[in-house]
Amino acid sequence: MSNLNNGFLSNRVLKINVGFLLHSDPGTTREYTFDLPKVRLAQDLTLTSLQGQVRLTRNTRGVLAQGHLAVGHLTECVRCLEQFEQHLDLDIEELYVYPPTPDAEFHVAESGNLDLAPLIRAEVIVQTPMGSICRPECRGLCPQCGQNLNEGPCGCEEDAIDPRLAILRDLRTND
Ligand SMILES: [Zn+2]
Ligand SMILES: [Zn+2]
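Residues numbered from 1 in each chain as written. Chains lettered and ligands numbered in written order. Predicted model: local features only at pLDDT ≥ 70, side-chain atom pairs only at ≥ 80, totals over all residues.

Assigned secondary structure in the protein consists of 3 helices and 9 strands. Counting the 175 residues in the protein, one finds 18% classified as buried. Looking at the protein alone, contacts between residues at least 24 apart form 58% of all its contacts between residues at least 6 apart. (Helix = DSSP H or I, 4+ residues; strand = E, 2+ residues; numbered from the N terminus. Buried ≥ 20, exposed ≤ 12 C-beta atoms within 10 Å, placed from the backbone. Contact = placed C-beta atoms within 7 Å.)

Have a look at this one:
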């Protein structure tokens, strides 16, 4: 069975069965390396890339997930409103409680599955800066006609010329 769905990997690839860790002594550790293309992390979040390592360590309260992930995701530029790919470096450190308790935000399921997707999603949301712009020199939209000025000037620029410059221009033509 393929994990590919419309060119996107399902977030099932981030579900790890840690049954063997649950039966191991505290301190037992296992490292996982990810190098994934587009992943549908959740209904509202698609990653364009996911790379890095996560280490899972058994402790007396469950399984500790620690790692460093570099992800790309699509977000909207606040200036030009176009989607662009933003890159984030995520430091992961979270306890997955086992046995699962209702009050634990992250837990290892009774089946032994540990799902990294909700944790990565939460980190992406926290780490995404407010007011992201696609690039420092983004020209944004024309406030008058709404054209994306990155794609070229619109016809509004003549009218918007600084009045002081307009006077200089008039003086020059009077010479
Ligand atoms: Zn922009
Ligand atoms: Zn315009």
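A word on unusual backbone geometry. Residue Tyr98 is joined to Pro99 through a cis peptide bond whose omega torsion reads 0°. Here Pro99 lies in the loop between strand 8 (83-97) and strand 9 (113-115). With a phi angle near 65°, Leu81 is a residue other than glycine that sits in the positive phi range. Position of Leu81 relative to the elements: it lies in the loop between strand 7 (62-76) and strand 8. The exposure class assigned to Leu81 is exposed, which follows from the 12 C-beta atoms found within 10 Å.

The next subject is the pairing of strand 7. Bridging between strand 6 (residues 45-59) and strand 7 involves 12 bridges; their strand directions are antiparallel. Its bridge partner lying in strand 7, Ser49 is registered against Gly72. Connecting strand 6 to the next strand, strand 7, in antiparallel fashion are 2 residues. Between the end of strand 7 and the start of strand 8, which pair antiparallel, lie 6 residues, with Leu81 showing a positive phi angle near 65°. (Pairing = 2+ DSSP bridges.)

Soluble globular proteins tend to pack their nonpolar side chains together in the buried interior. Ranked by size, the top nonpolar core spans 23 residues in total, and within it Val18, Leu56, Val63, Ala65, Leu114, Leu116 and Ile120 carry the most contacts. Of all the secondary structure elements, the ones that give two or more residues to this core are strand 5 (39-42), strand 6, strand 7 and helix 2 (117-127). Apart from the residues lying within four places of it in its own chain, the contact partners of Val63 are Val18, Leu21, Leu56, Thr57, Arg58, Tyr96, Tyr98, Val108 and Leu114. (Core = buried A, V, L, I, M, F, W, Y, C linked by C-beta atoms within 7 Å.)

That is the geometry; function is a separate question.
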